[in-house]
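Topology and contacts: notes
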Amino acid sequence: MDTLQSLTATFAQPGRVEWIGVRPVRMQPLRVLERVQAVEEVGLEGDRYASPGGKRQVTLIQAEHLQTVADLLGMGTLDPGLVRRNIVVSGLNLLALKGKRFRVGDALLEYTGPCDPCSRMESNLGKGGYNVMRGHGGITARVISGGLIRLGDAVSPDDTPAA
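All of these numbers come straight from a predicted model, not from anything done at the bench. (Residues numbered from 1 in each chain as written. Predicted model: local features only at pLDDT ≥ 70, side-chain atom pairs only at ≥ 80, totals over all residues. Heavy atoms only, no water.)

**Concerning the overall build of the chain**
- Summing up its helical and strand segments, the chain has four helices and 11 strands in all.
- Relative to the 2.2 N^0.38 estimate, which gives 15 Å for 163 residues, the radius of gyration of the chain is 15 Å and therefore close to what a compact globule would have.
- For the chain, the spread of C-alpha atoms along the principal axes amounts to about 45 × 40 × 25 Å.
- Residues classed as buried in the chain amount to 44% of the 163 residues present.
- Residue pairs in contact within the chain that sit at least 24 positions apart in sequence constitute 75% of those at least 6 positions apart.
- On the chain, roughly 8300 Å² of surface is accessible, and the fraction owed to carbon and sulfur atoms is 51%. (Helix = DSSP H or I, 4+ residues; strand = E, 2+ residues; numbered from the N terminus. Rg over C-alpha atoms; globule rule 2.2 N^0.38 Å. Buried < 20%, exposed > 50% of the residue type's maximum accessible area, 1.4 Å probe, protein only. Contact = heavy atoms within 4.5 Å. Areas by Shrake-Rupley, 256 points an atom, 1.4 Å probe, with all protein chains shown as cover.)

**Notes on the state of the cysteines**
- Scanning the entire structure with this criterion turns up zero disulfides.
- Here Cys115 is not disulfide-linked; the sulfur of Cys118 is the nearest cysteine sulfur, at 8.4 Å.
- For Cys118, a relative accessible area of 37% corresponds to the partly exposed category. (Disulfide = S-S within 2.5 Å.)

**Points about helix α2 (residues 63-73)**
- For α2, every residue scored as buried is listed here: His65, Leu66, Val69 and Ala70. Viewed end-on, α2 has its buried residues packed into an arc of 145°, placing them on one side of the element. Turned more than 90 degrees from where α2 packs its buried face, Asp71 and Leu72 sit exposed.
- Taken together, the buried residues of α2 touch β5 (58-62), β6 (87-90), α3 (120-125) and α4 (129-133).
- Looking one or two residues beyond α2, the residue adopting positive phi is Gly74, at roughly 75°. (Arc of directions from axis to C-beta.)

**Quick notes on the pattern of salt bridges**
- Taken as a whole and judged by the stated rule, the model has eight salt bridges.
- One salt bridge connects Asp47 with Arg23, and the closest N-O pair in it is separated by 3.0 Å. Linking Asp47 in the loop between β4 (43-44) and β5 with Arg23 in the loop between β1 (15-22) and β2 (31-33), this pair joins segments that are 24 residues apart in sequence. Residues Asp47 and Arg23 agree in their burial class; the two are buried. (Salt bridge = Lys/Arg side-chain N within 4 Å of Asp/Glu carboxyl O.)

**With respect to the nonpolar core**
- Leu60, Ile87, Phe102, Val104, Leu109 and Ile149 are the most contacted members of the largest nonpolar core, which has 24 residues in total.
- Apart from the residues within four sequence positions on either side, Ile149 is in contact with Val17, Ile20, Glu34, Arg35, Val36, Ala38, Leu44, Ile87, Val104 and Ala107.
- In terms of nonpolar packing, the next biggest core, distinct from the first, is built from 13 residues, Ile61, Val83, Met121 and Val132 among them. (Core = buried A, V, L, I, M, F, W, Y, C linked by side-chain atoms within 4.5 Å.)

**Describing the pairing of strand β9 (residues 139-145)**
- For β9, the tally of buried residues reaches six of seven residues, placing the bulk of the element in the interior.
- In terms of strand pairing, β5 meets β9 through three bridges, oriented antiparallel. Among the inter-strand pairings, Val58 is bridged to a residue of β9, identified as Ala141.
- As judged from the six bridges shared by strand β8 (residues 107-114) and β9, these two strands associate in the antiparallel manner. Opposite Leu109, over in β9, you have Val143 as the bridge partner. (Pairing = 2+ DSSP bridges.)

Keep in mind that these numbers describe shape and distance, not what the molecule does.
The structure is reproduced here in structure tokens:
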């Protein structure tokens, strides 16, 4: 019989990086990138939230949740830049990474918490945008080991114990 520990360590498949963006300046549109350098204990190169020791060095959201948000808002699709997350991942339940370290391309990240929506979601997504994003905002992470992250890279749990 499977234990809860073995069940939470088992993933059906790796995820995949579908979109990358950095927020160089507050209140300005994200810069969409094909690749970005993750800097150890700092964050993503060119992102205004990159800071030593921060818990919100990288934000990730599931592509499947973006589609859910679009559906709940009555939109066909949703520009990932509107939700202001750094990396869109498909094929992996990001919330299942709680308490884990995980690889994104060449970088090793560690889950630090949920990425709750801010009041900007109301202006970016329209009336009800904040509430639609609740529970669909993705996760925050810190960079344990830096490396290059590219579109199409795999996202998968790592066996390195979290702090």
